[in-house]
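So the chains spell out like this:
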Amino acid sequence: MALTRASAWTLVTSVPIAFRTFHPQGMVKIGETLFVSSVEVIDRDAGKGVGHLFKIDKSGHLLADLRLGEGAIYHPGGLDYDGANIWVPVAEYRPDSRSIVYRVDPAAMTAKEAFRVADHIGAIVRNTDDDTLHGISWGSRRFYRWTTGGESRGVSLNTSHYIDYQDCKYAGGRRMLCTGVTELRQAANAPPFRLGGIDLVSLEDGRPLHQVPVPLWTAGGLDMTHNPVWIEPGADGLRAYFMPEDDRSTLYIYDVR
């Protein structure tokens with residue numbers, strides 16, 4: 001809640017990822033290990049691809065690769081960790097489609113299907129305070145709420161249009177921390193300017209409680225919050241882990257106060 005546009009972001013280190021990452025989507029950090037979901041597209045028009053959940057050590061090396069999805073359902077999204085399981089939605093690579101929600105044991109790297117949804121779920125959050133799951137649709141225009149077994153607890157519209165959420169995490173107190181990006185163009189055919197940001201969102205009514213841009217870009221001009229993000233408390237503020245690039249990714253670690 002104390003972050004502003006004037007907050008100072010300091011690069012701690014950058015770690016090259018030592019394998020092809022395809023199109024990363026979501027990230028959680030458990031101890032010193034990262035778990036990153038990713039989309040491998042073979043033929044998007046034909047609905048062919050592979051969903052991955054990578055287990056990565058702190059030096060950027062691959063420890064395990066769990067395949068997720070079935071048939072045309074191969075697009076993993078943003079994910080969350082509840083202290084026991086990683087929750088991962090996998091959808092068709094198009095809006096208004098269908099998804100499978102998986103519960104993954106991170107130690108064994110095994111997945112169990114929890115339930116299915118008749119929409120593209122691009123990110124999911126596990127609310128441990130009231131034992132519910134919250135899903136975000138393609139473009140984060142709709143918010144879903146379910147029991148952990150998939151029983152609907154309602155759907156609402158996202159009232160914020162500042163950024164489209166890419167990755168969300170439970171932040172306690174019935175709130176979720178979402179990161180994402182918006183693309184702005186001066187003309188229809190102009191190249192986009194990409195602005196990343198962070199929203200702290202109430203899970204009770206879906207409204208943002210605090211919003212702040214993240215004025216960080218890679219050397220190639222990609223916003224840091226473009227794809228997976230993990231944020232945790234640091235010594236004097238927050239520590240953020242970003243993996244914005246496709247295929248040949250780098251993990252960027254920043255401190256902010």
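Cut-offs used in this document
Residues numbered from 1 in each chain as written. Predicted model: local features only at pLDDT ≥ 70, side-chain atom pairs only at ≥ 80, totals over all residues. Heavy atoms only, no water. Pairing = 2+ DSSP bridges. Helix = DSSP H or I, 4+ residues; strand = E, 2+ residues; numbered from the N terminus. Axes fitted to C-alpha atoms, helices over the stretch in contact; angles between N-to-C directions. Core = buried A, V, L, I, M, F, W, Y, C linked by side-chain atoms within 4.5 Å. Buried < 20%, exposed > 50% of the residue type's maximum accessible area, 1.4 Å probe, protein only. Contact = heavy atoms within 4.5 Å. Salt bridge = Lys/Arg side-chain N within 4 Å of Asp/Glu carboxyl O.

A. Spatial organisation of the sheet that holds strand β3 (residues 33–43). With respect to topology, four strands assemble into an open sheet ordered β2-β3-β4-β5, the strand pairing being antiparallel. Across the chains shown, the open sheet's two edge strands, defined by having one partner strand only, are β2 (23–30) and β5 (62–68). Sheet twist, expressed as the mean angle between neighbouring strand axes with direction ignored, is 20°. Note that β2 and β3 share seven bridges and pair antiparallel. Of the residues in β3, the one forming a bridge with His-23 is Val-39.

B. Molecular detail of the nonpolar core. Grouped together as the largest cluster of nonpolar side chains are 28 residues, with contacts concentrated most on Met-27 and Leu-251. For this core, the elements supplying multiple residues, two or more each, are β2, β3, β4 (48–56), β5, β8 (86–92), β9 (99–105) and β21 (250–256). Leave out the neighbours within four places in its chain, and Leu-251 touches Thr-13, Ser-14, Val-15, Ile-17, Met-27, Leu-34, Tyr-241, Phe-242 and Met-243.

C. Expanded view of the pattern of salt bridges. Taken as a whole, this structure holds 19 salt bridges when the rule is applied. Here Glu-32 makes a salt bridge to Lys-29, at a shortest N to O gap of 4.0 Å. A relative accessible area of 52% places Glu-32 in the exposed class. Take Lys-29: its relative accessible area is 12%, and that puts it in the buried class. Salt-bridge contacts for Arg-142 lead to Asp-119; the nearest nitrogen and oxygen are separated by 2.9 Å. Pair noted here: Arg-142 is in strand β13 (residues 142–147) and Asp-119 is in the loop between β10 (110–117) and β11 (121–127), with a separation of 23 residues, a long-range link.

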